[in-house]
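Understanding the architecture of this molecule
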Amino acid sequence: MIEPRLQAAGRPFAHIARLHPELTAFRRDLHAHPELGFEEVYTSGRVHEALKACGVDEIHTGIGKTGVVGVIRGRSTASGRMLGLRADMDALPMAEDNDFEWRSAKQGLMHGCGHDGHTAMLVGAARYLAETRNFDGTAVLIFQPGEEGFAGARVMIEDGLFDRFPVDSVYAMHNWPGMPAGTVGINRGAMMAAADRITIEVTGKGGHGAHAYLTVDPVVVSAHIITAVQSIVSRNVRPIDAAVVSICAVHAGDLGAMSVVPGKATLVGTVRTFSSRVQEQVERRLVELSSAVAAGFGATAQVKFERIYPATINTAPEAQFAGDVAQALVGAHNVERNMEPSMGAEDFSFMLQKKAGAYLRIGQDARGGAFLHNSKYDFNDEILPLGAALHAGLVEQGMPLAAKAGTTQNRTVSTAT
């Protein structure tokens, strides 16, 4: 039997800690059977099976293709409150380089970001909440497909998620190997950056490499564009604003044709920002610089700027509340309330555009030194009861039962805009 070494306060943790062996077995089964976005057939089936065994009141499948939603009503629903908890389910298209018995059984697929653990933690919360129902309102458990680049959150919303389950607020958490196990991080604003894709098509005039003076070389033009756009952040964006512009791929010509100057080149990269103002500023300067540099060489440059994921911005009251719940669980010294935002991206941002809520990080240690999206990564099963208890605490404290007959406890929440 696997015994959790981490300890935390409160009845939810004590209750869920007893389920640790089951949650670990469930998580490792998901790890061994990874699935990409919108292909989570096995995973969704296992979630459905687990929720049914937990005794939740309703199970809805097929929301956002392979998404699953579980509904649990509290001992009372007089408050009319509805609170959402979200876990992502999909894996990554990468090969796993581990040798433990629960390693991926699928070549080229791996749970390299811990979504198997996120799913298991929410299942643990479902088990506890369905057994105790120590809250006044309705808990909506959202098992989301396609977070890794497929915008599964947006697809679930477009498929009527919040029309069918009009939650007042919604919360999610992600494991973070850079934090010690037993700690929680959050802040009252941006947690993750917007992720945009940029494609720059440079068109010149091809020809023979021995007579380059007769060409307009798009490779040379591309090199100057790559250098020029590095000035956007350092010379256009205010130092107090965060932004990243990275050209990550270049394609031009044929490696087997050493003496052929190609007619076109393509640059692909990413832009990361936290505010729409900076995002628009970077897009404008990319177009201006690329066009001007190309024109100076007699070439042209077309910039395509695709907004993939918006920034993940916590609403302040919900971030404060989530921090309070975490503090009651692990103590003030284990909660970082002013966590530095990450320039990575997260599609929970789509949910936070529609609803008030907060995104948390739960520490898990970098096991074997492997961070997220590393071929040696594995989720730390020791934090399963802790994450599940944090989910449960958000429900119980966000929708508390009346302290005594005739009284009601209320918590002020904001309205997302």
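Residues numbered from 1 in each chain as written. Predicted model: local features only at pLDDT ≥ 70, side-chain atom pairs only at ≥ 80, totals over all residues. Heavy atoms only, no water.

In the annotation of an unreviewed UniProt entry, the entry for the protein reads M20 aminoacylase family protein, and the organism field reads Variovorax ginsengisoli.

Across its full length, the protein holds 12 helices and 16 strands. Rg of the C-alpha trace for the protein: 24 Å, near the compact-globule value of 22 Å for 417 residues, within the 12% margin. Each principal axis of the C-alpha atoms in the protein carries an extent, and together these give about 85 × 45 × 40 Å. Here the contacts in the protein between residues at least 6 apart in sequence split such that 81% fall between residues at least 24 apart. For the protein, the exposed area adds up to about 17600 Å²; of that, 52% sits on carbon and sulfur atoms. Here the protein carries 38 positive and 44 negative side-chain charges, and the mean point of each set is 4 Å from the other. (Helix = DSSP H or I, 4+ residues; strand = E, 2+ residues; numbered from the N terminus. Rg over C-alpha atoms; globule rule 2.2 N^0.38 Å. Contact = heavy atoms within 4.5 Å. Areas by Shrake-Rupley, 256 points an atom, 1.4 Å probe, with all protein chains shown as cover. Lys, Arg positive; Asp, Glu negative; His and termini not counted. Charge placed at Lys NZ, Arg CZ, Asp CG, Glu CD.)

Our focus in this paragraph is the side chain of S222. Here S222 lies in helix α7 (residues 218-229). Leaving out residues up to four positions away in the same chain, S222 has contacts with V202, A265 and L267.

Judged by pairing direction, the sheet is mixed, and its 8 strands sit side by side in the order β1-β2-β4-β3-β5-β16-β6-β15 without closing on themselves. The strands lining the two open edges of the sheet, one partner per strand, are β1 (58-63) and β15 (335-336). Its contacts with the sheet put helix α10 (residues 316-330) on β5 (169-176), β6 (184-185), β15 and β16 (356-363), and the angle it makes with β16 is roughly 35 degrees. Each of β3 (82-88), β4 (138-144), β5, β6 and β16 touches helix α12 (residues 384-398); the most contacted strand, β3, lies at about 165 degrees to it. (Pairing = 2+ DSSP bridges. Axes fitted to C-alpha atoms, helices over the stretch in contact; angles between N-to-C directions.)

This brings us to the nonpolar core. Formed by 69 residues in total, the largest nonpolar core has its most connected members in I72 and F143. The biggest single contributor to this core is helix α4 (residues 115-132), with 9 residues. (Core = buried A, V, L, I, M, F, W, Y, C linked by side-chain atoms within 4.5 Å. Buried < 20%, exposed > 50% of the residue type's maximum accessible area, 1.4 Å probe, protein only.)

Taking 1.5 Å per residue, 14 residues should reach 20 Å; helix α3 (residues 41-54) reaches 20 Å between its end C-alpha atoms and fits that length. Among the residues making up α3, those that are buried are T43, S44, R46, V47, A50, L51 and C54. Buried residues along α3 cover an arc of 160 degrees about the axis, so they all sit on one side. What points out from α3, more than 90 degrees from its buried face, is the exposed set V41, K52 and A53. Along its buried surface, α3 packs onto α2 (20-32), β1, β2 (67-73), α4 and β4. Looking one or two residues beyond α3, the residue adopting positive phi is G55, at roughly 85 degrees. (Expected span 1.5 Å × (residues − 1). Arc of directions from axis to C-beta.)

What follows is about the packing of aromatic side chains. The full count for this structure, using the stated rule, is 6 aromatic pairs. Summarising the aromatic geometry, the rings of W176 and F371 are spaced 5.2 Å apart at their centres and angled 85 degrees between planes, so their arrangement reads as edge-to-face. Highlighted residues: W176 in strand β5 and F371 in the loop between β16 and α12, separated in sequence by 195 residues. Since its relative accessible area comes to 16%, W176 is described here as buried. Here R28 stacks its cationic end above the ring of W102, 3.6 Å away from the centre of that ring. (Phe/Tyr/Trp six-rings, centres within 6.5 Å; stacked < 30°, edge-to-face > 60°. Lys NZ or Arg CZ within 6 Å of the ring centre and 35° of its normal.)

This paragraph deals with the UniProt feature "domain: Peptidase M20 dimerisation" (unreviewed entry) in the protein. Per the UniProt record, the feature "domain: Peptidase M20 dimerisation" (unreviewed entry) sits at residues 198-292. Across residues 198-292, helical content stands at 36% and strand content at 32%; the span's end C-alpha atoms are separated by 17 Å. (UniProt positions renumbered as here; feature names shortened; annotations may be inferred.)

Take the pairing of β16 next. Within β16, 8 of the 8 residues are buried, which leaves the element mostly enclosed by the surrounding structure. Here β16 shows a buried face lined by A356, A358, L360 and I362 and a second buried face lined by G357, Y359, R361 and G363. Pairing of β5 with β16 involves 8 bridges; the strand directions are parallel. If you follow V170 over to β16, its bridge partner there is G357. With 2 bridges connecting them, β6 and β16 associate as antiparallel partners.

Between its terminal C-alpha atoms α10 stretches 21 Å, which fits the 21 Å expected from 15 residues at 1.5 Å a residue. Taken together, the buried positions of α10 are occupied by E318, A319, F321, A322, G323, V325, A326, L329 and V330. Looking at the buried side of α10, the elements it contacts are α1 (11-17), β5, β6, β15, β16 and α12. Residue G331 follows α10 closely and has a positive phi angle near 95 degrees.

A few words on the confidence of the model for the protein. Taken as a whole, the protein shows an average pLDDT of 94; of its residues, 95% reach a score of 70 or greater. Considering only residues more than four positions removed or in separate chains, one finds that residues 404-410, a stretch of pLDDT under 50, has 6 contacts. Contacts for the low-pLDDT stretch residues 412-417, under 50 throughout, to residues beyond four places or in other chains number 12 contacts. (pLDDT = per-residue confidence, 0-100.)

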